[in-house]
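Chain residues, written in single-letter form:
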Amino acid sequence: MTAPHPRHRRALAIPAGLAVAASLAFLPGTPAAAAPAAQAAPSTAADATSLSYVVNVAPGHRPSATVRRAIAKAGGTIVTSYDRIGVIVVHSANPDFAESVRKVRGVQSAGATRTAPLPSAATTDTGAPQVLDGKELAAARATSAKAEGQDPLESLQWDLPAIKADKAHEKSLGSKKVTVAVIDTGVDDTHPDIAPNFDRRASVNCVAGKPDTADGAWRPSAAESPHGTHVAGEIAAAKNGVGMTGVAPGVKVAGIKVSNPDGFFYTEAVVCGFMWAAEHGVDVTNNSYYTDPWYFNCKDDPDQKALVEAVSRASRYAERKGAVNVAAAGNENYDLTSDEITDPSSPNDTTPGDRTVDPSKCLDIPTQLPGVVTVAATGAKGLKSSFSNHGLGVIDIAAPGGDSTAYQTPEPPATSGLILGTLPGGKWGYMAGTSMASPHVAGVAALIKSTHPHASPAMVKALLYAEADATACTNPYDIDGDGKVDAVCEGPKNRNGFYGWGMADALDAVTW
């Protein structure tokens, strides 16, 4: 089975075959005020025909006078410059801007970060909510009440025992000195499960490509995706007797908002996000998205080459400053080691069309960048999720991301094969995707950092892989039971294309 490319972007994808496709299941319960609307991103001078660009120069110094003059001459306005990595963010209405500045001495690459003028005209459809009824909620609370030390909704979280997080919590909840940044659609820090662990100092709005530190700027508005809030709860929902429990319920979590109101994650915002994390002592970043508008960025295209270079510089800088960068593998059931893949979704901010790419030369960023921990998703039976991308040497580790309950049904008392998480306005609900697998690994990395506070990012990653539970290939892999092979796994038990080094292990993270 090849999963159809979802209308949603990876951050919002729901597994193929799901009966309630593109829906969220909300849990009514703890009253909380709705999250205040996010502050508007800082404005910059741009007209209806302007595009945003990155111009990459030698790192370490402010742009030279020659480069600054050339940008102005080509009709560009500098929005901000990340001098430490040599990335300049520019707005220009000149359609030949990038081609012009590429010829300038000192410019190493330059490219448009989007194909739609500012602001983007695209929309995002997240689907209709599916409310969990009161009887199911009461049953979950009653079940958890019988289990000593469980939060009220923990009985619904089959994903915690899948990575031994429940056992890990008996030893450690993680350290308040460790912060995980959710680089995403924004985080509602007023949620009762997030508020106790929220790191305001490390939170920001980066949507415009430069930091907006206004109070609450990191929150999603009521019309924006709840995705980042869901991810934040998976990582660090407090063990406080209120709702659910995160993988690392004792660590801090920050919100770095990089998704614009239309749901797009553009390069300048992602660069800003990594740089903010780097400069604010973040220990782990979670990246459950791909950088728009290209699913795969081909280095033989001058625009896309510049985007790869800019995000690569920013992610490498964050790691040099102490952050472990964790990213979702994607939801199209692609083999990322194939000779070629048909990408029907790019550019997704104007008119996409089918194109054939070589995934070894055309990269999903930040997922396929060097040094990034790439995470595949598993379901309630421990098998690769029907939608999860895979590939020997690409996938580093696996973790629960959910799957259609019809394919992988959890053991009672859990009822859904999806992943429970926090939602804006003091709610909880289910989502699925590699977007949900990545925060499980980010949480385990945070537990490792809590156990080994002086460990470098390289050491944290080494322990993450060494402590993973080796998981053999699933062959034949026929997840929907129709008699046809849905994906092929290659490699040995301790390093293969479905599960990488294996399933993330939270217990070993607090024991070794």
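Structural data are supplied above this passage.
Residues numbered from 1 in each chain as written. Predicted model: local features only at pLDDT ≥ 70, side-chain atom pairs only at ≥ 80, totals over all residues. Heavy atoms only, no water.

A separate point is the overall build of the chain. Within the chain, the secondary structure is distributed over eleven helices and 19 strands. Counted over contacts in the chain with a minimum sequence separation of 6, partners at least 24 positions apart contribute 76%. Only carbon and sulfur atoms are counted for the fraction: they give 54% of the accessible area of the chain, which is about 18000 Å². (Helix = DSSP H or I, 4+ residues; strand = E, 2+ residues; numbered from the N terminus. Contact = heavy atoms within 4.5 Å. Areas by Shrake-Rupley, 256 points an atom, 1.4 Å probe, with all protein chains shown as cover.)

Orientation of helix α6 (residues 227–236) relative to helix α9 (residues 434–451), taken along the N-to-C sense of each, is 35°, at an axis distance of 8 Å. Relative to α9, the crossing made by α6 is right-handed. Between α6 and α9, the residues in contact are His227, His230, Val231, Glu234 and Ile235 and Ser435, Met436, Pro439, His440, Ala442 and Gly443, respectively. In terms of residue class, the contact of α6 with α9 is built from five nonpolar, five polar and one charged. (Axes fitted to C-alpha atoms, helices over the stretch in contact; angles between N-to-C directions. Left-handed = near helix turned anticlockwise from the far one by under 90°. Nonpolar A, V, L, I, M, F, W, Y, C, P; charged D, E, K, R; others polar.)

Another point: the side chain of Asp159. Structurally, Asp159 is set in helix α4 (residues 159–162). For Asp159, which is buried and forms no salt bridge, the nearest opposite charge comes from Lys239, at a distance of 12 Å. Setting aside anything within four residues of it in sequence, one finds Asp159 in contact with Pro400, Ile419 and His440. (Buried < 20%, exposed > 50% of the residue type's maximum accessible area, 1.4 Å probe, protein only. Lys, Arg positive; Asp, Glu negative; His and termini not counted. Salt bridge = Lys/Arg side-chain N within 4 Å of Asp/Glu carboxyl O.)

What follows covers the state of the cysteines. Per the counting criterion, the structure on display carries three disulfides. Shown here is the disulfide that connects Cys298 with Cys362, its sulfur atoms set 2.1 Å apart. The sign of the S-S torsion, about 110°, decides the handedness of the disulfide formed by Cys298 and Cys362: right-handed. Separated by 64 residues along the polypeptide, Cys298 in strand β11 (residues 297–298) and Cys362 in strand β15 (residues 362–363) bring together distant segments of the chain. Each member of the pair, Cys298 as well as Cys362, carries the same accessibility label: buried. The side chain of Cys473 participates in a disulfide bridge whose partner is Cys489; the two sulfur atoms lie 2.1 Å from each other. A torsion of -65° about the S-S bond marks the disulfide between Cys473 and Cys489 as left-handed. One end of the pair, Cys473, is in the loop between α10 (457–467) and α11 (506–509); the other, Cys489, is in the loop between α10 and α11, with 16 residues separating them in the sequence. Classification of Cys473 as partly exposed rests on a relative accessible area of 21%. Residue classification places Cys489 among the buried positions, given a relative accessible area of 5%. When the bonded cysteines of the chain are counted from the start of the sequence, the pairing works out to 1-2, 3-4, 5-6. (Disulfide = S-S within 2.5 Å.)

Residues Val326, Val373, Val375, Ile397, Val441, Val444 and Leu464 are the most contacted members of the largest nonpolar core, which totals 52 residues. With nine residues, the top contributor of residues to this core is α9. Apart from the residues lying within four places of it in its own chain, the contact partners of Ile397 are Val373, Thr374, Val375, Ala376, Val441, Leu464, Ala468, Tyr499, Gly500, Trp501, Gly502 and Ala504. Ranked by size, the runner-up nonpolar core spans 41 residues in total, among them Ile85, Val89, Ala277 and Leu369. (Core = buried A, V, L, I, M, F, W, Y, C linked by side-chain atoms within 4.5 Å.)

Look at α9: 26 Å from first C-alpha to last across 18 residues, which is about the 26 Å you get at 1.5 Å a residue. Burial within α9 is extensive, with 17 of its 18 residues counted as buried. (Expected span 1.5 Å × (residues − 1).)

Before going further, it helps to examine the packing of aromatic side chains. Across all of its chains, the model carries eleven aromatic pairs by this definition. Aromatic side chains Phe198 and Trp218 sit 5.6 Å apart centroid to centroid with 40° between the ring planes, which places their arrangement in the tilted category. Linking Phe198 in the loop between β7 (179–184) and β8 (204–205) with Trp218 in the loop between β8 and α6, this pair joins segments that are 20 residues apart in sequence. Neither Phe198 nor Trp218 differs from the other in exposure class; each is buried. Each ring, one from Tyr465 and one from Trp501, has its centre 6.1 Å from the other, and the planes form 15°; the classification is stacked. With a gap of 36 residues between them, Tyr465 in helix α10 and Trp501 in the loop between α10 and α11 connect regions that are remote in the sequence. Overall, the relative accessible area of 31% leaves Trp501 in the partly exposed class. Three or more aromatic residues joined by ring pairs form one cluster here, namely Tyr290, Tyr295, Phe296 and Tyr334. (Phe/Tyr/Trp six-rings, centres within 6.5 Å; stacked < 30°, edge-to-face > 60°.)

With that settled, consider the pattern of salt bridges. Going through the model one piece at a time under the given rule, you end up with 14 salt bridges. Between Arg102 and Asp303 there is a salt bridge, with the nearest N and O atoms lying 3.2 Å from each other. Here the residue Arg102 occupies a position in the loop between α2 (97–101) and β5 (107–112), and Asp303 occupies one in helix α8 (residues 302–320), the gap between them amounting to 201 residues. Here Arg102 falls in the partly exposed class, since its relative accessible area comes to 27%. When its relative accessible area of 25% is taken as the criterion, Asp303 is described as partly exposed. Two residues, Lys164 and Asp505, come together in a salt bridge whose shortest N-O distance is 2.9 Å. Residue Lys164 is found in the loop between α4 and α5 (165–168), and its partner Asp505 is found in the loop between α10 and α11; the two are separated by 341 residues along the sequence. Residue classification places Asp505 among the buried positions, given a relative accessible area of 2%. Because the salt bridges share partners, they merge into one network encompassing Lys164, Asp469 and Asp505.

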